[in-house]
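What the coordinates show
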Amino acid sequence: MSDLSLENEFSAMSATEAAARLIGCEIVRTIANQQLIGRIVETEAYDQGDPASHSYRGETPRNSVMFGPAGRLYVYFTYGMHYCMNVVVGPSGYGAAVLIRALEPVAGQNIMYLNRNISDPRQLLNGPAKLTQALAINKQFNGHNLAIAPLELKLNPVLANSDINWSRRIGIKEAPEDIRLWRASLKGSSYLSK
DNA sequence: CCGGTGATGCCCT
DNA sequence: GGGCATCACCGGT
């Protein structure tokens, strides 16, 4: 029997609400009995009504996981070499997700450095494709239930609103009306993306 | 520190 | 065939 708390937690939330809720929560990746742990410090909301969202034009083979149950992982491949990971949110049939943009290293850094082939702590997890490389996450995890090892999302206590900064999204060309601030980050963190 | 750019393949039109 | 929810490296400042 799988843990339904993740799905329950996120199925009734909007993408922006979930983007804030995920700040401070932890990703636990188990590889060969070792745990690689990162604390989420930066996220970005992608709603179905957003022209920049993969789900905007409806369901396709690539984005179908976004339209499934909440608490699953949507992984996509981009720029010919990078993977990005999102937490699916909202009810089944509605295409919404939250991109994980940066993590703060918590445990298992030695393996993360090997996976990344770098040595600067600030460069380890501060970008959506950097963190998937560090945690060895690829398309095999597309649709994965985050309540289950070897890749789990741990819900931490809700942070105060004053702990979260909102800003414009990064790397988005479309959505000219994007006055809203859909990028959430942990205030004061030194592990944010650029 | 900053901007420019090449790498590289899949998805959708 | 165009474009991409990116990254690393390079050169100029």
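Here we summarise the structure given alongside this text.

Quick notes on the rules
- As a convention, each chain's residues are numbered from 1 in the sequence order in which they are written.
- Written order decides the labels, with chains lettered from A and ligands numbered from 1.
- In keeping with the model being predicted, local features are shown solely for residues with a pLDDT of at least 70 and side-chain atom pairs are shown and tallied solely at 80 or more, while totals for entire chains, interfaces and linings include all residues.
- The basis for every side-chain value is the complete set of heavy atoms in the structure, and neither hydrogens nor water enter the calculation.
- Nearness here has a simple test: a residue counts as near a molecule or strand if at least one of its heavy atoms is within 4 Å of that partner.
- What qualifies as a polar contact is a pair of N or O atoms within 3.5 Å, subject to a donor-acceptor requirement within protein and to the restriction that residues adjacent in sequence count only when both atoms come from side chains.
- By convention, a stacked pair of Phe, Tyr or Trp rings (six-membered ring in the case of Trp) has centres within 6.5 Å and planes under 30 degrees apart, an edge-to-face pair has planes over 60 apart, and any other such pair is tilted.
- For every residue, the accessible area (1.4 Å probe, protein chains only) is compared with the maximum for its type, and the residue is labelled buried under 20%, exposed over 50%, or partly exposed between those bounds.
- Take the buried Ala, Val, Leu, Ile, Met, Phe, Trp, Tyr and Cys residues and link them wherever side-chain atoms come within 4.5 Å; each set so joined is a nonpolar core.
- The numbering of helices and of strands both runs from the N terminus, where a helix is a DSSP run of H or I of at least 4 residues and a strand a run of E of at least 2.
- In this description, contact between two residues means that some pair of their heavy atoms is separated by no more than 4.5 Å.
- Strands were regarded as paired on the criterion that DSSP finds at least two bridges between them.

For the rest of this paragraph, the subject is the protein's contact with DNA strand C. Taken together, 19 residues surround DNA strand C, and among them Y76, Y79, H82, N86 and R116 come closest. When the atoms of DNA strand C within 4 Å of the protein are sorted by group, sugar and phosphate make up 57%. The separation between a phosphate oxygen of DNA strand C and a polar side-chain atom of H54 is 2.9 Å. Taking R116, its side chain carries an N or O atom lying 2.7 Å from a phosphate oxygen of DNA strand C.

A complete count under the given rule lists two aromatic pairs for this structure. Both rings, one in Y74 and one in Y76, keep their centres 5.8 Å apart while their planes meet at 40°; by these two values the pair is tilted. Among the residues examined, Y74 registers a relative accessible area of 1% and is labelled buried. Relative to Y83, the ring of F77 has its centre 5.1 Å away and its plane inclined at 50°; by these criteria the two rings are tilted. When its relative accessible area of 25% is taken as the criterion, Y83 is described as partly exposed.

Let's shift gears to the nonpolar core. Ranked by internal contacts, the top residues of the largest apolar core, which has 42 residues, are F10, I40 and L153. Looking at which element gives the most residues to this core, the answer is helix α2 (residues 15-22), with five residues. Residues within four places of I40 in sequence aside, it is in contact with L22, I23, G24, C25, I27, I100, A102, L103 and L153. Y46, M66, Y74 and V88 belong to the second-largest nonpolar core, a separate cluster that totals ten residues.

Before going further, it helps to spend a moment on the side chain of R101. Along the chain, R101 falls in strand β5 (residues 97-107). Its relative accessible area of 7% is what places R101 among the buried residues. Separated by 3.4 Å, the side chains of R101 and S193 make a polar contact.

Where strand β3 (residues 73-78) meets strand β4 (residues 82-88), six bridges bridge the pair, whose relative direction is antiparallel. Paired with L73 across the strands is V87, a residue of β4. Taking the residues that link successive antiparallel strands as the turn, the β3-β4 hairpin has three residues, and the phi of Y79 there is positive, at about 55°.

As a further point, take the environment of R122. Counting through the fold element by element, R122 comes out in the loop between α3 (109-116) and α4 (128-134). Of the residues examined, R122 reaches a relative accessible area of 47% and is grouped as partly exposed. Residues R122 and S92, spaced 30 residues apart in sequence, show a C-alpha to C-alpha distance of 37 Å.

Now for the pairing of β5. For β5, the buried fraction is high: eight of the eleven residues fall into the buried class. Where β4 meets β5, three bridges bridge the pair, whose relative direction is antiparallel. When the sheet's bridge partners are listed, N86 is paired in β5 with L99.

With an omega of 10°, the peptide bond between A149 and P150 qualifies as cis. Inspection of the secondary structure assignment puts P150 in the loop between α4 and β6 (151-154). The phi dihedral of A32 falls on the positive side, at around 50°, and the residue is not glycine. Since its relative accessible area comes to 71%, A32 is described here as exposed. Its identity as a non-glycine residue notwithstanding, Y79 has a phi of 55°, on the positive side.

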